[in-house]
Each structure stands twice: as C-alpha cells, then as structure tokens.
Amino acid sequence: LDFQVADFAQIKFRESGAITIDSDNNQSARNFQFKDGDGTSLMFIGDNGEVGIGTTDPNSILQLSSTGPTELLLSDTNAGSNVKNYGIFTDTGKLHIRRLTDAYSGFTPTITVDQSNVGIGNTSPNNKLEISDTGTGAGSTHLKISRGADSSAVQRIAGIKMGNTASNDGSNWIIQADSSLGYFDNANLNFIHNAGGTPTTRLTVESSGTVVLKGSA
C-alpha cells in the first residue's frame, strides 16, 4: 500500500472498538501511530526513529510511560521453574528489579534505586548502598569482593576504600585483603590510612591469626 496524501493516511481495523494505524504528515515532525478505538495512541514512532509506548513525545530510542507503575518484562523460556521472568519497573519515583513466578505474580524487588541510594533486599534504602535480608531462619548474608588468584607470589588486593569526594583518592581509609603470598587462604587483612597519597598500614591481621599494630606484634 502506498498512501500519498498531504494530511494523513489511516488504516482502521474493526468498526467497533477499532485499532487504527495512522500516519500523520501534517505536522512539523512526521509520525506513525497505532491507536485504539477512542483515538488514544498505543504506540508512537517519530520520524527520528524514537518510539513511545504510552507517550507521543518520546525522548529516547524507546520510552515507556503510564500514570502508574511501568514495567518492562524480560523472559527466558528455557530457564527453570519460577526463574524465567524478570521485571524492571518504576513506581513512586523508584526503579525496581524483581523476579516473577511462571504465573507472572510478583516478588518483592531484589534491587531498588531510590534517587542516589541503592537497596539490595531493601525497597527504601537510606544509604548509598544498603543490603538487607529479612529472613529469620538459618542462613547468611554477605557482601563479597573478589580478586583472581593463583600460586604465584604477586600482589593481589581486594578491599574497600572510605573517604570524601574532595580527597581525590589521596586521603582515605582502606580495608583490604592482600594475597601477595599466593592464594587468598594465605592473605593478610590490612587497615591502611592514606594521608596525602602516602598510605601507612595501621593494623594487620595475618592469616595465622597474629595481629600487628603499627609494626609491633
């Protein structure tokens, strides 16, 4: 089909409750839309290639919009029971990632982004990173930071740094595991103070259990 008209071209399916395909060329920015029977846009494609679902003014290659929670569902039909479906959705100013059952019923979000705070297992994080586990039965909750290792004696470090943004990584405290002797089963745990770019180990817990404070056992 080739519609060449100055205003718009339209294909309508079903007279009652029609679905309409509408090409509107009577605007400064041409567009292509799918509309319901009331003329409400279901999907909008702009002449710049941007697609809007729930909006006729997309600001990205794909924008989903609604007056309530908006969810993008990703499904892997080859996955096991109740692990096929994951949703990414926004709700009351927060971004959530959650797993859904095979029947598409919801679980509590696993990851939540609340402005500049991130929660794992927590939908209302009050810190930059907050990890929560509400389970009361047997189990454990850990934050794991890993670094590859083998038997060669080269320095391998895994740890965390704590400082302020003005220090530019030159002034901070560092807690790190150092496996210079090979695998991490021989690693020492060091507490290091970095002042003006000069790191000084303040306390070391050796893999043997010996605690060294400022170089003295």
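If you're wondering where the values come from, they're calculated on a predicted model, not measured in any experiment.

Reading the values: the criteria
Residues numbered from 1 in each chain as written. Predicted model: local features only at pLDDT ≥ 70, side-chain atom pairs only at ≥ 80, totals over all residues. Heavy atoms only, no water. Helix = DSSP H or I, 4+ residues; strand = E, 2+ residues; numbered from the N terminus. Polar contact = N/O pair within 3.5 Å; in protein donor to acceptor, adjacent residues only side chain to side chain. Contact = heavy atoms within 4.5 Å. Pairing = 2+ DSSP bridges. Axes fitted to C-alpha atoms, helices over the stretch in contact; angles between N-to-C directions. Salt bridge = Lys/Arg side-chain N within 4 Å of Asp/Glu carboxyl O. Buried < 20%, exposed > 50% of the residue type's maximum accessible area, 1.4 Å probe, protein only.

**Q** Even after reading the chapter, I still don't get the side chain of Asn 122, so can you show me in this structure?
**A** Assignment of secondary structure puts Asn 122 in the loop between strand 11 (117-120) and strand 12 (129-131). Looking at Asn 122, its side chain comes within polar contact range of the side chain of Ser 132, at 3.2 Å. Excluding residues within four positions of it along the chain, Asn 122 makes contact with Thr 112, Glu 130 and Ser 132.

**Q** Before we go on, may I ask you to explain the sheet that holds strand 16 (residues 198-205) in this structure?
**A** Hydrogen bonding along the main chain pairs the strands of a sheet, whether they run parallel or antiparallel. Taking strand neighbours across the sheet as the criterion, the five strands line up as 13-14-15-16-17 in an open arrangement whose pairing is antiparallel. Each edge of the sheet is formed by a strand with only one pairing partner; in this case those strands are strand 13 (157-163) and strand 17 (211-213). Neighbour to neighbour, the strand axes of the sheet diverge by 25° on average, direction disregarded.

**Q** I tried to follow the pattern of salt bridges on my own but got confused; where do I start?
**A** If charged atoms from side chains of opposite charge come close, those side chains can pair. Tallied over the full model, the rule gives two salt bridges. Between Arg 98 and Glu 71 there is a salt bridge whose closest N-O contact spans 2.7 Å. A residue pair is termed long-range when its members are at least 10 positions apart, and Arg 98 in strand 9 (residues 94-100) and Glu 71 in strand 7 (residues 70-75) qualify at 27 residues. One salt bridge in this structure joins Asp 102 and Lys 84, with 3.3 Å as the shortest N-O distance. Taken together, the residues span a long stretch of sequence, with Asp 102 in the loop between strand 9 and strand 10 (111-114) and Lys 84 in the loop between strand 7 and strand 8 (85-91) at a distance of 18 residues. Lys 84 gets classed as partly exposed once you look at its relative accessible area, which sits at 21%.

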